[in-house]
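Reading the structure
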Amino acid sequence: MATQSASTSAAPAFWARSPTTLVAIVVLVILTSGLLFGYDQGVISGALSGIKQELDLSPLLIEVVTSWVTLGALFGSLAAGELADLIGRKRTVLAAAVLFILGALIQVSAPRTTVLVAGRLIVGFGVGVAAVAAPLYGSELAQAAWRGRLVSAYQMAITVGIFLAYLVNGALSDGADWRLMLGLAAVPGLLLAVFALMAPESPRWLIKQGRREAAGTILARLLGKDDYQAELSEIENALRLETNAVSWREVFQPVYRKPLAIGIGLAIFQQVTGINAIIYYANPIFAASGFATPQAQAAATTWGIGATNVLATLIAIAFIDRIGRVPLLLAGLVGMGVSLATVGFAFHFVETSGDGVSYGAIITVVALVIFIASFAFSLGPVVWTVINEIFPSRIRSRGVAIATAVNWGAAFLVSEFFLSLVEVAGRPATFWLFAALCLLGWIWVYRKVPETKGRSLEDIERLWRV
């Protein structure tokens, strides 16, 4: 096993002469994974009206069609932890691509609701696998100085995917072409499969498998022939004691309690502060705030949420490795909380004043733009970066899988019950609840989350030993 050559065990030989090509392929895997993730998140908001009309769905079934992709993602993220250790990081990404393609084709041809939901579950499973495997893959191939930017690029790709989905929704705003909307996910799925086949494997995973030569070849291309030996030795030293297979029970041992609590806490706060409720139900939210036509709702969603999401994520990419993770998280939670409270007041104004609808619509758009911008430079990219940094190498894939599964579990609860919560508590109280959770998240991040800027993965691992 250890004697296999790099060309046959790590990636196709064509990149062996070109470090630039190697880095580009790694980046393309990360970006395409995020693009698929984001497209699936954003497209459902425009497809719902056509699905409802053609399949005659009740409000409960609308919630099921919308939210069960997150249920599939929950189970996919748990499976990804096992797959990433068993077959490697790149092959796990390839499996996600196959699931995306299969799920998209099932949705396109769905004759009834049960088949559509099955397709949503399969796509969700692929989303969960990709959400674990792609950032994990990127974090293990990136140097400490630019690891934050590479993993943040994954989040930026998610926002681009959401924006593209909103553009598709706007072009097909009457909802009649919902099958085309959902089926287009197969195109980037094919691209991801191609890039994953071309990509190198994670050197850390290769060393775990005893394939030191293959890992050294990849590190030499990434770091240069003069610098890779030190990195190779550091990885080997960190993995030296990992002689036994990791069990799921081991992840919950006291020695790993701190990073696990931080990963799970960040995963929960990313979702319970309302992001997926707004992404999935953007058009209905804008309709309730005073945008009367589907075209107006689609335009508000595309430019107010989609474009802002992309542009503000660039802030995180620019500053996450300069000013750090924690300052961005704290600043973003302040902006999110204030904007959500404002949306609550705007809806209160709309619901209690017969002549105030237009003002409420304007306030809602401005506040949601601020919310999306604040999320996009903080809880969006930074959470995924920190989750993929904090776990010790021995349990990293399983730790990331657990945190990601919790993230999707929280997303499922929010998307499944958002409309029901609005119906019971009203729109103002619902958004005020999200704002209160932002405040709680700020306090928790300030007290619990360490700064990981500029630290190698091995340095971060040593934080938990003191």
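Within each chain, residues carry numbers counting from 1 in the order of the written sequence. It should be noted that, the model being predicted, local features are given only for residues of pLDDT at least 70 and side-chain atom pairs only at 80 or more, the latter also being counted only at that level, while totals for whole chains, interfaces and linings use all residues. Water and hydrogen atoms play no part in the side-chain values, which are based on all heavy atoms of the structure.

As a further point, take the overall build of the protein. A run of H or I in DSSP becomes a helix once it reaches four residues, and a run of E becomes a strand once it reaches two; helices and strands are each numbered from the N terminus. Scanning the protein from N- to C-terminus turns up 22 helices and zero strands. Only protein chains enter the accessibility calculation, which uses a 1.4 Å probe; a residue whose area is less than 20% of its type maximum is buried, one above 50% is exposed, and one in between is partly exposed. Expressed as a percentage of the 466 residues in the protein, the buried residues total 60%. Whether two residues are in contact is decided by their heavy atoms: any pair within 4.5 Å suffices. Counted over contacts in the protein with a minimum sequence separation of 6, partners at least 24 positions apart contribute 85%.

Structurally, L22 can be placed in helix α2 (residues 19–55). Note: C-alpha distance between L22 and L222 (200 residues apart in sequence) is 7.5 Å.

The predicted structure's coordinates, where accompanied by low pLDDT, should not be read in detail. For every residue, the pLDDT score states the predictor's confidence, bounded by 0 at the bottom and 100 at the top. Summary statistics for the protein give a mean pLDDT of 81 and a share of 84% for residues scoring 70 or more. The least confident element of the protein, judged by mean pLDDT, is helix α1 (residues 6–9) at 38; the most confident is helix α13 (residues 257–272) at 94. Note that pLDDT drops below 50 for residues 1–17; the model gives that stretch 41 contacts with residues more than four away or on any other chain.

Each aromatic ring pair is characterised by the separation of its centres together with the angle its planes make. Ring pairs shown here join Phe, Tyr and Trp side chains whose ring centres sit within 6.5 Å, with only the six-membered ring taken for Trp; geometry is labelled stacked below 30 degrees between planes, edge-to-face above 60, and tilted in between. Within the structure shown, the criterion is met by five aromatic pairs. Ring geometry for F269 and W444: centres 5.7 Å apart, planes at 40°, overall tilted. Of this pair, F269 sits in helix α13 while W444 is found in helix α21 (residues 427–448), placing the two residues 175 residues apart along the sequence. Exposure remark for F269: the relative accessible area of 13% places this residue in the buried category.

Patches draw on residues past 30% relative accessible area with no salt bridge. Two like charges within 9 Å are joined, as are two nonpolar side chains (Val, Leu, Ile, Met, Phe, Trp, Tyr) within 5 Å. The method behind every accessible area is Shrake-Rupley, applied with a 1.4 Å probe, and residues are considered shielded solely by the protein chains displayed. Salt bridges are counted wherever a side-chain nitrogen of Lys or Arg sits within 4 Å of a carboxyl oxygen of Asp or Glu. On the surface, L164, L167 and W303 cluster together into a nonpolar patch covering about 300 Å² of accessible area. In this fold, L164 is placed in helix α6 (residues 144–171). A relative accessible area of 37% means that L164 is categorised as partly exposed.

This part takes up the pattern of salt bridges. What the rule picks out here adds up to ten salt bridges. A salt bridge links R179 to E54, with the nearest nitrogen and oxygen atoms 2.7 Å apart. Note that R179 is positioned in helix α7 (residues 178–183) and E54 in helix α2, a separation of 125 residues in sequence. Overall, R179 belongs to the partly exposed group, its relative accessible area being 23%. Note on E54: relative accessible area 46%, which makes it partly exposed.

Before going further, it helps to spend a moment on helix α4 (residues 89–108). The length a helix should cover is 1.5 Å for every residue beyond the first. Across its 20 residues, α4 extends 29 Å between first and last C-alpha, which sits within 8% of the 28 Å expected from 1.5 Å per residue. Every buried residue belonging to α4 is among R89, K90, T92, V93, A96, A97, F100, I101, G103, A104 and Q107, and all of these are buried.

Summarising the element assignment, L57 is placed in the loop between α2 and α3 (59–86). In this structure L57 comes out as buried when scored by relative accessible area, which is 6%. Spatially, the C-alpha atoms of L57 and T113 are 8.1 Å apart, while their sequence positions differ by 56 residues. Excluding anything up to four places from it in sequence, L57 contacts I51, K52, I62, V65 and T113.

Okay, the packing of α13 against α21 next. Note on geometry: axes are C-alpha line fits, over the in-contact stretch for helices, and angles between N-to-C directions span 0 to 180 degrees. Axis separation between α13 and α21 bottoms out at 10 Å; the angle between their running directions is 155°. Classed by the angle they form, the pair α13 and α21 counts as roughly antiparallel. Crossing hand, α13 versus α21: left-handed. Along its contact with α13, which presents A261, I262, G265, L266, F269 and V272, the element α21 presents F434, L437, L440, G441, W444, V445 and K448. An angle below 35 degrees is read as roughly parallel, one above 145 as roughly antiparallel, one from 65 to 115 as roughly perpendicular, and any other as oblique. If you view the pair so one helix is near and one far, a crossing is left-handed when the near helix is turned anticlockwise from the far one by less than a right angle, and right-handed when it is turned clockwise.

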